[in-house]
Structure formats: C-alpha cells, structure tokens
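Remarks on the overall topology
Residues per chain, in single letters:
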Amino acid sequence: MENLACPVCGCDKPKKIADIGITVFRCPDCTLEYVNTKKMFELCDVVTKTSMKNKQEYTDMLKSLEPLRISNNKKIIDRMSSFLPEESNGLEVGCAVGLFLEQANKKYKVSGIEPMEKSFEISKSKGLDVVHGYFPGNVDFSKKYDFVIFNDVFEHIPDIHSVMSSCQNLLKDNGFLLINLPDSDGILHKISKLLCRLGDQSSLKRLWQLGTESPHLYYFNSRSLDLLNEKHGFHRTGFLKLDSFSKNGLSKRLAAISMGKIRTYIYNIGLTLLFPALRAMYSDTNLYIYQKNNSMEK
Ligand SMILES: [Zn+2]
C-alpha cells in the first residue's frame, strides 16, 4: 500500500484521512494534509482533457470568485501598508488575470509570473509587468524584491522546497513572504472532512479541486506552514483572516458546482446564517506573513 512521507517534515507514518478518488494523508507530526502530487496531476489531466464541461465549470467558478478576490486583495494591501513603505517592489507568483497587480500597483511596484497562457495574455493586455512561465523555473533571479506574494497559488505548486529556497534567493535582506491560502483548520474544511466520513465526498473533492485544471496538492495550517518557513530561514510576523466567499459570489459559486437546486438552496441558507460566527473562529482562508531572517542571525 502506498505510504507517502510528509513533504514538510519527512515523517513516514502519515495517517490516511480520506479517499476521494485519491488518498488524502495527514502528517501526525506537523499536521500537513497532502496527496500524491504525480497521481493528482494524472487524475486531473484525464478529466480536463476529456471534459469541456469540466473546463467551463472551472472557468465559471473562477469568474464567480472575482468579487471575493477583489475584497480580499484590498484587505491584504491595507495590511501591507503597515509594514511595507510605498514604492516597495514585489513579485506575485501566479498572478492570473492581474487583479491583485492592478490593485497593489496603486501603491507598490509589483510584477507577476503566470503559467496559464490565456490568463497571462489578459494581464499583459492590461499593461501589467508579467512574465509567462512557471515558478521558479522561469524567474529572473537577478532581480531582488522587497516582497513575494502567493495568492491562492502556494497549494498548487509541487516542489514546495524549491519554491521556498527560490523565495529566499529573490528577497532582499529582511524581505517579506506573503502566503494567502486555504487552511486545513478552516470550518468549511472541517465540515467537508466530516461529510466525507459520513459518505458524501463531494465537498471535500471540491475543496481539493479534484478534476480541475489546477488541483490542490496540500492543505497547510499555521503549524505546518510555520515549520516549512522556519526550515527555510523565515519567521512569522503577521496573520490575517480572509473571506472564503462573498455574498455576491456565493450563489454563483454554488451553482457552478452543480449540486442540484434544492441542495444549493439549503447550503445557501445554512451558510448565510451560520457562517459568520463559525468563520470568525475557524477561518478557511488566511494570509500568513513571514520575514526573511537577517543573514547575520544564521
Ligand atoms: Zn509533517
């Protein structure tokens, strides 16, 4: 039987916590949740290549998330203002169609790198400073930045250690690494794992973005992400809870995942009534802010 060592701490006795067409592991030491990266890509490749409907659903889901992204970006930029002076330069990894760049560039000088050709072309047409390619493979390491930011991207990249050491190399001394990602301690995630144990895999599959063009490979929380960062010479300086959905986008987002009308209606009411309180305790999307350790401290 497959037993995959934890990619963060190396523990080789992970627990299998779910089977959603692919095994989900949880590390008993650092609590990282993860899947076999290669298998995940194979699984998603087959689905996206054979199903146009799936591709359209994914595009619809991204579109429905735009209002949410814009409001989260605003929160992130407000927080950045408390520690990054205006005109600081930054790199956004996986800038998609450039929403964050457009908003952040009112204050900062941020460039982007984006692997998907269509998204790259859209951001380029907006006059943004964007490179087409993958991180870290296609990055120009001669440039140094005050900050590097990942918005809903970190959990999609296979080799997290090469990502982290590249960030070390790209950042100036005391530079900042900002990671905005879904959290395994979030309430939606907890409920989805419970539903999966009860036999309904659908929402957990959706959280892992199984069968889409860009599946999740990891679910971090504060413990596993702090440990990964400590291993690569960063320490945490800040944390910000973000919204996982906006009221505007919620109905569309639920409609986009084809759950059936009645079920969508029930989820919609339940989420609207209960979620503000639960989310305040267990946020599903968080921004973690790390600072590169001073080279003198090493
Ligand atoms: Zn671990």
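Just above, that's the structure.
The following paragraphs examine the structure supplied in this document. (Residues numbered from 1 in each chain as written. Predicted model: local features only at pLDDT ≥ 70, side-chain atom pairs only at ≥ 80, totals over all residues.)

1. A few points about the sheet that holds strand 10 (residues 234–242)
We apply this condition: A strand pair is defined by DSSP finding two or more bridges across the two strands. Helix and strand definitions here come from DSSP, where helices need a minimum of 4 consecutive H or I residues and strands a minimum of 2 consecutive E residues; each element is numbered from the N-terminal end. Axes here refer to lines fitted to C-alpha atoms; in helices the fit is confined to the stretch in contact. Angles between the N-to-C directions go from 0 to 180 degrees. Two residues form a contact once the distance between their C-beta atoms, set from the backbone, is within 7 Å.
Strands sit in the order 6-5-4-7-8-11-10 across an open sheet of seven strands; the sheet is mixed. The open sheet terminates on both sides in strands that have one partner only, identified here as strand 6 (130–132) and strand 10. Averaged over all adjacent pairs, the angle separating strand axes in this sheet is 20°, with direction ignored. Its contacts with the sheet place helix 5 (residues 117–125) against strand 5 (109–114) and strand 6, and it is angled at close to 155° to strand 6.

2. Observations regarding unusual backbone geometry
The criterion, for reference: Buried residues are those with 20 or more other C-beta atoms within 10 Å of their own C-beta, exposed residues have 12 or fewer, and partly exposed residues lie in between; C-beta atoms are placed from the backbone.
Of note, the amide linkage connecting Phe-135 to Pro-136 takes the cis form, showing an omega dihedral of 0°. Positionally, Pro-136 belongs in the loop between strand 6 and strand 7 (145–151). One non-glycine residue with positive phi stands out, namely Glu-87, at about 75°. Its location among the elements puts Glu-87 in the loop between helix 3 (66–80) and strand 4 (89–93). Taking the C-beta count within 10 Å as the criterion, Glu-87 has 9 such neighbours and is therefore assigned exposed. Even without glycine at this site, Ala-96 takes up a positive phi of about 50°.

3. Details of the pairing of strand 5
Remember that side chains alternate between the two faces of the sheet whenever the strand is regular. The condition is simple: The definition of a right-handed crossover adopted here requires that, viewed with the strands pointing away, the path from the first strand over the helix to the second runs clockwise.
Here strand 4 pairs with strand 5 via five bridges, running parallel. For Asn-89, the partnering residue across the bridge sits in strand 5 and is Lys-109. Pairing geometry for strand 5 and strand 6, over three bridges, is parallel. Pairing of Glu-114 across the sheet is with His-132, part of strand 6. Crossover strand 5 to strand 6 through helix 5 is right-handed.

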